[in-house]
Amino acid sequence: MAKYICSICGYVYDEANGIPEAGIAPGTRWEELPGDWVCPLCSADKSLFVKQGEATSAPAEKTRPVIDTPSDTQELSPLEMSALCTNLARGCEKQYKPEEADLFRQLADYFKSVAAPSKDPSFSRLLDLVEKDLEEGFPNANDTATQAKDRGALRALTWSEKVTRILKSLLIRYQNEGEAMLENTDVHVCTICGFIYLGDNLPEICPVCKVPNWKFEKVEGR
Amino acid sequence: MAKKYAVRNIRLCTKDCLCLYVCPTGATDTENSIIDVSKCTGCGDCADACPSGAISMVPFVYPPQQPKTESVVSMMNALLRSKSEQENIAAGLSGRLAKAIEKSNRIMAEDIIREAGYMLPQSQNTKDFLQSLLDKNPEGLPREAVEKLLENLYKNEEEGSMKDNKTKENLMKAFAGESQANRKYLAYAKKAEEEGKLNAAKLFRAAADAETLHAFKEFELAGKVGSTADNIKDAIAGETYEYKEMYPEFVKDAEAEGNKAAATTFTFAMKAEEVHAKLYKEALENLDSTEEVFYYLCPVCGNIEKSVPEKCVICGIPGDKFIKY
Ligand SMILES: [Zn+2]
Ligand SMILES: [Zn+2]
């Protein structure tokens, strides 16, 4: 009997115990769990689990390309400036400076309004970028931050990488299931780390950043 | 300690409101539950009394944010670029999933840029960013918002530097006190040795050395130790003031009061300081010379010569008493 660990939230599926309250009998093998089974805590799919005792990441069979580092004089794009400003607005909120938070939000709105819309948006382009982040962006940034002993950057990278993995699994499911995947289910986003939760019973705390679930925001249709 | 003021987290506040009873100025009793900064004295009594931990004391001036290495910043910027692009793509797609992905990417982008050097709204990075917006002045930029932010976020900096001045002042006061204590203890040690009280003498010398350590550190922290050229210039100024202005007055006063011993000491010191000033000037001109120079100190009056004289030109003692440096 083996154990499988959710790489997003740390939930452990123990084959010996099963999950009787969810109708999974003790002794149910990992392979016998249905393909659409998801983590009961964070709804990560089976591909995001690792067998206990096995390496967490895929073996380094290929050397990953090093991103040509953007030069320091790189100009931030309007949308990046907008994110910079909403970040600073949050900083002001934390310091109980509502007036300054509003001013930064005003700037953020301005930059968003002047950003050119994406030319040919598609879910498959999203998936390509997500995969590139996971294969290059995060490993490279993690190495650099580890070398610089930058715990703050490592914290942000750990959260974003987990959220990005959830995004990848959602995008793959969406490719296969389409809109049906969202029928009769709520979509929530953690406003602290960006974790996306599909389902009606929110976990008590965010499986990625551990904030209480009142920090989640329900996404309404558009 | 940095000046602080109280803020209330309305979400945590359970309206048990002990803060109303303990606040000495009524700053916590407001119709909108926001503590009145202009009344708050920063005493912290409300934060201590609050049963729900809803009140925090926050500083007027935040410490500088943690420095970031260039390589981390450029890696974080690369991810920021990708997350922003994904936000943009998702914004062009319909459905709740796309909307969730758009939001999620914005939140990640914010977190990533926060760790790429933009943690603190009051940081130099943020200030530079806001200033650059005014300089570039892109079309439609809400300039008043930028100007207001620059005005609001950095107005406390002056207060912060005033605090620095107070500490600098204190460092120099401490330096003066420690320096005096050092010379005082050495004088006491000399006396104790003359009386044969050797243990007391030892303690005086040890304590004198301790005060020297304190004085050095305080002088350094006050930013007073510069390059050797600068330090020599400072020494010239000090010696010149002493021989031209300070000691002539002191000699006059001592003579008027009939204190001959003090008058002689001041006179010796005055003449010696003039020599010191001259030697410092020479040293400054020849600072880069590698030719070795020797100095000879008169142990009675403090005169310094560059060769052994027959007798001291200031106090008249024989040259063989001079100490070589
Ligand atoms: Zn999980
Ligand atoms: Zn979260």
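Everything below is about the structure shown above.
Residues numbered from 1 in each chain as written. Chains lettered and ligands numbered in written order. Predicted model: local features only at pLDDT ≥ 70, side-chain atom pairs only at ≥ 80, totals over all residues. Heavy atoms only, no water.

What is the right way to look at the pairing of strand S4 (residues 187-190) of chain A in this model?
Residues and elements named next belong to chain A. With burial as the criterion, each face of S4 is covered, one bearing Val-187 and Val-189 and the other bearing His-188 and Cys-190. Two strands pair when backbone bridges link them, and S4 and strand S5 (residues 196-198) are joined in this way by three bridges, in the antiparallel orientation. From the neighbouring strand, Val-189 faces S5, where its bridge partner is Ile-196. If you look at the hairpin formed by S4 and S5, you'll find five residues sitting between the two strands, and Gly-194 has a positive phi there, around 95°. Relative to strand S6 (residues 216-218), S4 runs antiparallel, the two being bridged by three bridges. By the bridge assignment for S6, Val-189 is matched with Glu-217. (Buried < 20%, exposed > 50% of the residue type's maximum accessible area, 1.4 Å probe, protein only. Helix = DSSP H or I, 4+ residues; strand = E, 2+ residues; numbered from the N terminus. Pairing = 2+ DSSP bridges.)

What is the right way to look at the coordination of the zinc ion (ligand 2) in this model?
For a metal with four tetrahedral donors the ideal donor-metal-donor angle is 109.5 degrees, while six octahedral donors give ideal angles of 90 or 180 degrees. Residues and elements named next belong to chain A. Taken together, the protein ligands of the zinc ion (ligand 2) are Cys-190 (SG), Cys-193 (SG), Cys-206 (SG) and Cys-209 (SG), with distances of 2.2 to 2.3 Å. Angles of 102 to 115° at the metal separate the four donor atoms of the zinc ion (ligand 2), which places the site in the tetrahedral class. Read from N- to C-terminus, the donor residues coordinating the zinc ion (ligand 2) fall into the pattern C-x2-C-x12-C-x2-C. Pair noted here: Cys-190 is in strand S4 and Cys-206 is in the loop between S5 and S6, with a separation of 16 residues, a long-range link. Judged by its relative accessible area of 0%, Cys-190 falls in the buried class. Judged by relative accessible area, Cys-206 falls into the buried class, the value being 0%. (Donors = N, O, S within 2.8 Å, 3.2 Å for Na, K, Ca; no water. Tetrahedral: all angles 85-135°; square planar, octahedral: opposite > 155°, others 65-115°.)

These figures capture arrangement, not role.
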